[in-house]
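# Summary of structural features
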Amino acid sequence: MAKELSEGSRYAGLTHETLDAQSMMDRVRSPKAGAIVLFAGTTRDNFAGKPVKELQYTSYEPRALQSMLNICTAVHEKHSLTAIAMIHRLGVVPIGEESILIAVSSPHRQAAWRAGEEALEECKEKVEVWKREEFGGGEGGIWRANRDGAVGVRIDRDEKETDPGPGPETNGPVLRPGRLGERGHGPVVARLDPRSEKATKSTPIIE
Amino acid sequence: MSLATKAPPGHFSILYFASASSYTAKDTEHLPAPLPVSKLFDRLEEKYAGIKSRVLESCLLTVNLEYVDMPDDGSVGLVIKEGDEVAIIPPVSSG
């Protein structure tokens with residue numbers, strides 16, 4: 001059963017079940033909307049070419065749901081959407097299956113395309129969900145971080161010595177000294193890039 | 001369920017996620033309250049040697065689901081109270 005938070009035509013969900021694209025589209029479907037854009041994020045079988053055996057997601061559920069709903073609300077308002085729905089899967093997600101679905105509807109397609117992308121980027125930056133990639137073969141796994149240059153931490157606690165991992169060219173676990181209290185990612189205030197807002201406003205709507 | 005059990009009197013709950021959970025080998029525990037947030041990382045470093053540089057420095061902190069600032073001007077900052085729910089938030093990786 002999904003854990004959910006919704007307000008008006010905004011919906012956020014977390015579930016251990018298989019995601020269902022049709023039901024997410026139906027959540028945002030409306031006679032007022034001429035477009036539904038659906039994004040489905042699926043799990044890859046490799047990390048920079050290294051085979052990934054299994055992926056697992058964990059979450060700080062009440063905090064993550066609130067962040068997801070905040071993002072939905074901000075994007076909804078900015079693009080004058082009809083509706084927006086976002087759901088993330090937790091637990092083990094078999095390779096090739098959906099880990100996230102975002103559905104947005106709006107009167108015209110341009111707003112829906114933009115809103116869908118923005119909602120995803122905001123989600124990847126802020127929502128309190130963590131992905132663990134298991135490599136298998138006794139190699140353990142790592143907690144991934146979406147932010148560029150963020151710390152990748154090996155799961156094995158005994159392995160205290162820093163493992164530089166693959167070089168930057170492989171996007172491997174990047175270990176670098178951090179500053180105390182450094183912002184790993186901003187507080188969730190549903191902040192959107194003011195530049196893109198301006199750009200959006202000045203873009204003529206093409207019918 | 002990731003939420004902590006209710007803390008005993010004089011304690012607060014702390015939740016560990018992702019790398020913080022791996023490092024402490026725990027999802028949650030109870031620590032004595034009150035405790036200023038400015039002392040929290042030092043407190044955890046005493047319990048889990050190396051955690052500050054390996055994990056905490058890239059993390060954010062929530063108290064009762066709200067993000068709080070770690071004071072960097074030497075001030076005490078927010079004080080964690082009995083019964084509060086604190087969480088260590090490593091860099092996220094949703095999607």
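Notes on the structure follow. Note that this is a predicted model, so its numbers are computed, not measured.

### So, the pairing of strand β9 (residues 98-106) of chain A
All names here are of chain A. In terms of residue burial, β9 counts as a mostly covered element, since 8 of its 9 residues are buried. Pairing of strand β3 (residues 35-42) with β9, which is carried by 8 bridges, proceeds in the antiparallel orientation. In the sheet register, Val-37 faces β9, and the bridge partner there is Val-104. Two strands pair when backbone bridges link them, and strand β7 (residues 83-89) and β9 are joined in this way by 6 bridges, in the antiparallel orientation. Across the sheet, residue Ile-87 finds its bridge partner in β9, namely Leu-101.

### Digging into the sheet that holds strand β5 (residues 66-68) of chain B
All names here are of chain B. The strand order across the open sheet formed by 5 strands is β2-β1-β7-β4-β5, and the pairing between neighbours is mixed. The sheet terminates laterally at β2 (28-32) and β5, the two strands that pair on one side only. The sheet shows a mean angle of 30 degrees between the axes of neighbouring strands, direction not considered. Looking at chain direction, strand β4 (residues 60-63) and strand β7 (residues 85-89) are connected through 4 bridges and run antiparallel. For Leu-60, the partnering residue across the bridge sits in β7 and is Ile-89. Running at roughly 115 degrees to β2, helix α2 (residues 37-47) makes contact with β1 (11-16), β2, β4, β5 and β7 of the sheet.

### Some remarks on the packing of helix α2 (residues 61-78) of chain A against helix α3 (residues 109-126) of chain A
All names here are of chain A. One can describe the packing of α2 onto α3 by two numbers: an axis separation of 10 Å at closest approach and a directional angle of 150 degrees. As judged from the angle between their axes, α2 and α3 are roughly antiparallel. Remark: the crossing between α2 and α3 carries right-handed chirality. Only Ala-115, Glu-118, Ala-119, Glu-122, Cys-123 and Lys-126 of α3 make contact with α2, whose side of the interface consists of Ser-67, Ile-71, Val-75 and Lys-78.

### A word on the environment of Pro71(B)
Residues and elements named next belong to chain B. Along the chain, the position of Pro-71 falls in the loop between β5 and β6 (79-80). With 34 residues separating them in the primary sequence, Pro-71 and Val-37 have C-alpha atoms 8.0 Å apart. Excluding anything up to four places from it in sequence, Pro-71 contacts Val-37, Ser-38, Val-76 and Gly-77.

### Overview of the packing of aromatic side chains
Taken as a whole and judged by the stated rule, the model has 4 aromatic pairs over all chains. Arranged with centres 6.3 Å apart and planes meeting at 80 degrees, the rings of Tyr16(B) and Tyr48(B) form a pair that is edge-to-face. Of this pair, Tyr16(B) sits in strand β1 while Tyr48(B) sits in the loop between α2 and α3 (51-54), and the two are 32 residues apart along the sequence. Taken together, the ring pairs in this structure connect Tyr60(A), Trp130(A) and Phe17(B) into an aromatic cluster. Over the ring of Tyr11(A) we find Arg27(A), and its NZ or CZ is 3.7 Å from the ring centre. One residue, Lys50(A), lies across the ring of Phe135(A), its end atom 4.4 Å from the ring centre.

Cut-offs used in this document
- Residues numbered from 1 in each chain as written.
- Chains lettered and ligands numbered in written order.
- Predicted model: local features only at pLDDT ≥ 70, side-chain atom pairs only at ≥ 80, totals over all residues.
- Heavy atoms only, no water.
- Buried < 20%, exposed > 50% of the residue type's maximum accessible area, 1.4 Å probe, protein only.
- Helix = DSSP H or I, 4+ residues; strand = E, 2+ residues; numbered from the N terminus.
- Pairing = 2+ DSSP bridges.
- Axes fitted to C-alpha atoms, helices over the stretch in contact; angles between N-to-C directions.
- Contact = heavy atoms within 4.5 Å.
- Parallel < 35°, antiparallel > 145°, perpendicular 65-115°, else oblique.
- Left-handed = near helix turned anticlockwise from the far one by under 90°.
- Phe/Tyr/Trp six-rings, centres within 6.5 Å; stacked < 30°, edge-to-face > 60°.
- Lys NZ or Arg CZ within 6 Å of the ring centre and 35° of its normal.

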